Amino acid sequence: METDAVAQRSEAAGQVPALRLTGLHKAFGATVAVSHVDLTVPGGSFFGLVGPNGAGKTTALSMAVGLLRPDEGGSEVFGVDVWGDPVQARALMGVLPDGLAMPERLTGRELLTFLGQLRGIEPAVLAERTQELLDVMELNDAETTLVVDYSTGMRKKIGLATALLHGPRLLVLDEPFEAVDPVSAAALKTILIRFVESGGSVVLSSHVMALVEQLCDTVAIMAKGRVVAAGPLAEVRGERTLEQTFVRLVGSDEHAGRGLSWLAS
Ligand SMILES: Nc1ncnc2c1ncn2[C@@H]1O[C@H](COP(=O)(O)OP(=O)(O)OP(=O)(O)O)[C@@H](O)[C@H]1O
């Protein structure tokens, strides 16, 4: 299904999309990373963005949330222009970017407290949320560990905690499960499912098709900077698995299965 059809369907249902990208375009020199992408994430959906390495997922999500200025096009969060009204747009969303930059010489609790204070969250509410997030993310044992000394998976978890802290309506998560151990991943999945069940919307990018199939109700497949399929999961994959659909649309590597013969010799 074309993404315009998704937009028409959600508008017909009287819903403002959680995220709407229109004509987003970005080139780095001669490399077109994202090519005039239109994408609609319906409110209340659990949206998975998949694509091979270099497809443009991180670039598209960075522009969507206001971290990277597009060459052309725009992004709206619940109808709020991300570039026109960044303060309101940022209040509506929580973001887990790829390659997180955050104050690192703080413990997890100090980091959440500091960011919560910056966001003007009332002290008692902030203390309660911080404790709850550290509990749920199982970061309590690392009470005295500075974020700079966290493992990659722990950094993902504290990053997700900072994204959730102000109670956003939309979460935009770039590879949230990368390097996260299975036990922590199960906890993160539960948090995200609960978030969507309570009315929140999630957009996540991932390479792991099984995970996207398990969690997401709506998906988009990107390749070479373009969206090649988008819509409800069941419509995009049809009778196939998402992985089969992905390989069919994106194309398998013609070199796969051949070459490197010296490895077996
Ligand atoms: N800052 C940059 N400078 C130059 N080229 C860039 C920059 N950021 C991204 N690119 C290029 O843009 C293209 C898209 O990259 P992007 O990181 O958005 O893809 P991706 O789908 O997130 O990939 P991956 O799954 O490997 O993380 C790639 O060709 C990449 O090399």
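Rules of the game
- Residues numbered from 1 in each chain as written.
- Predicted model: local features only at pLDDT ≥ 70, side-chain atom pairs only at ≥ 80, totals over all residues.
- Helix = DSSP H or I, 4+ residues; strand = E, 2+ residues; numbered from the N terminus.
- Rg over C-alpha atoms; globule rule 2.2 N^0.38 Å.
- Buried ≥ 20, exposed ≤ 12 C-beta atoms within 10 Å, placed from the backbone.
- Contact = placed C-beta atoms within 7 Å.
- Near = placed C-beta within 6 Å.
- Core = buried A, V, L, I, M, F, W, Y, C linked by C-beta atoms within 7 Å.
- Pairing = 2+ DSSP bridges.
- Axes fitted to C-alpha atoms, helices over the stretch in contact; angles between N-to-C directions.
- Parallel < 35°, antiparallel > 145°, perpendicular 65-115°, else oblique.
- Left-handed = near helix turned anticlockwise from the far one by under 90°.
- Expected span 1.5 Å × (residues − 1).
- Arc of directions from axis to C-beta.

(A) The arrangement of the overall build of the chain in detail. The helix and strand inventory of the chain stands at ten helices and ten strands. Whereas a compact globule of 265 residues would reach a radius of gyration of roughly 18 Å, the chain reaches 19 Å, a difference of no more than 12%. Summarising its shape, the C-alpha atoms of the chain cover approximately 60 × 55 × 40 Å along the three principal directions. Among the 265 residues that make up the chain, the fraction classed as buried is 39%. Put simply, 69% of the contacts in the chain that link residues at least 6 apart link residues at least 24 apart.

(B) Representation of the site of the ligand within the structure. Around the ligand lies a shell formed by Phe28, Thr31, Ala33, Gly51, Asn53, Gly54, Ala55, Gly56, Lys57, Thr58 and Thr59. Where the shell around the ligand is concerned, the elements lending two or more residues are β2 (31-41) and α2 (57-64). At three residues, α2 tops the list of elements feeding residues into the shell around the ligand.

(C) Main features of the nonpolar core. Among the nonpolar cores identified, the biggest contains 65 residues, and Val172, Val203 and Ala220 are the most heavily contacted of them. For this core, the leading source of residues is helix α6 (residues 152-164), giving six residues. For Val203, the contacting residues outside a window of four places in its chain are Leu19, Val41, Phe47, Leu49, Val172 and Leu173.

(D) Examining the sheet that holds strand β1 (residues 19-28) more closely. Taken in spatial order, the four strands of this open sheet run β2-β1-β4-β5, and their pairing is antiparallel. The sheet terminates laterally at β2 and β5 (80-81), the two strands that pair on one side only. Where β1 and β2 come together, seven bridges link them in antiparallel fashion. Bridge pairing in β2 places Phe28 opposite Thr31. Packing against the sheet, α2 makes contact with β1, β2 and β4 (72-77), and its axis sits at approximately 120° to β1.

(E) Representation of the packing of helix α4 (residues 108-118) against helix α5 (residues 123-136) within the structure. Two elements in contact, α4 and α5, have axes whose closest approach is 10 Å; the angle formed by their N-to-C orientations is 140°. Judged by the angle between their axes, α4 and α5 are oblique. The element α4 and its partner α5 pack so that their crossing is right-handed. Between α4 and α5, the contacting residues are Gly108, Arg109, Leu112, Thr113 and Gly116 on the first element and Leu126, Thr130, Leu133 and Leu134 on the second.

(F) Just the pairing of strand β3 (residues 46-50), in detail. In terms of burial, β3 is a largely internal element, five of the five residues being buried. Burial along β3 is two-sided: Phe46, Gly48 and Val50 facing one way and Phe47 and Leu49 facing the other are all buried. Two elements, β3 and strand β8 (residues 201-205), share four bridges in a ladder whose sense is parallel. Among the inter-strand pairings, Leu49 is bridged to a residue of β8, identified as Ser205. Examined bridge by bridge, β3 and strand β9 (residues 218-223) share four bridges and lie parallel to one another.

(G) Representation of the environment of Asp71. Along the chain, Asp71 turns up in the loop between α2 and β4. You can call Asp71 partly exposed: it has 14 C-beta atoms within 10 Å. Separated by 30 residues in the primary sequence, Asp71 and Ala101 place their C-alpha atoms 23 Å from one another. Setting aside residues up to four positions removed in sequence, Asp71 forms contacts with His25, Lys26 and Ala27.

(H) Region of the structure containing α5. For α5, spanning 14 residues, the distance from its first C-alpha to its last is 20 Å, which sits close to the expected 20 Å at 1.5 Å a residue. By the burial criterion, the buried members of α5 are Thr130, Leu133 and Leu134. Mapping the buried residues of α5 onto a view down its axis gives an arc of 95°, with all of them on the same face. Away from its buried face by more than 90 degrees, α5 exposes Ala124, Val125, Glu128, Glu132 and Asp135. Considering only its buried residues, α5 is in contact with α4 and α6. Remark: Glu138 follows α5 within two positions and exhibits a positive phi of approximately 55°.

(I) Fine view of unusual backbone geometry. Backbone geometry at Ala179 places phi at a positive 70°, although glycine is not the residue there. By the secondary structure assignment, Ala179 is in the loop between β7 (170-174) and α7 (182-197). If you check the backbone angles, Lys224 has positive phi at about 50° while not being a glycine. Topologically, Lys224 is positioned in the loop between β9 and β10 (226-232).

None of this, on its own, says anything about what the molecule does.
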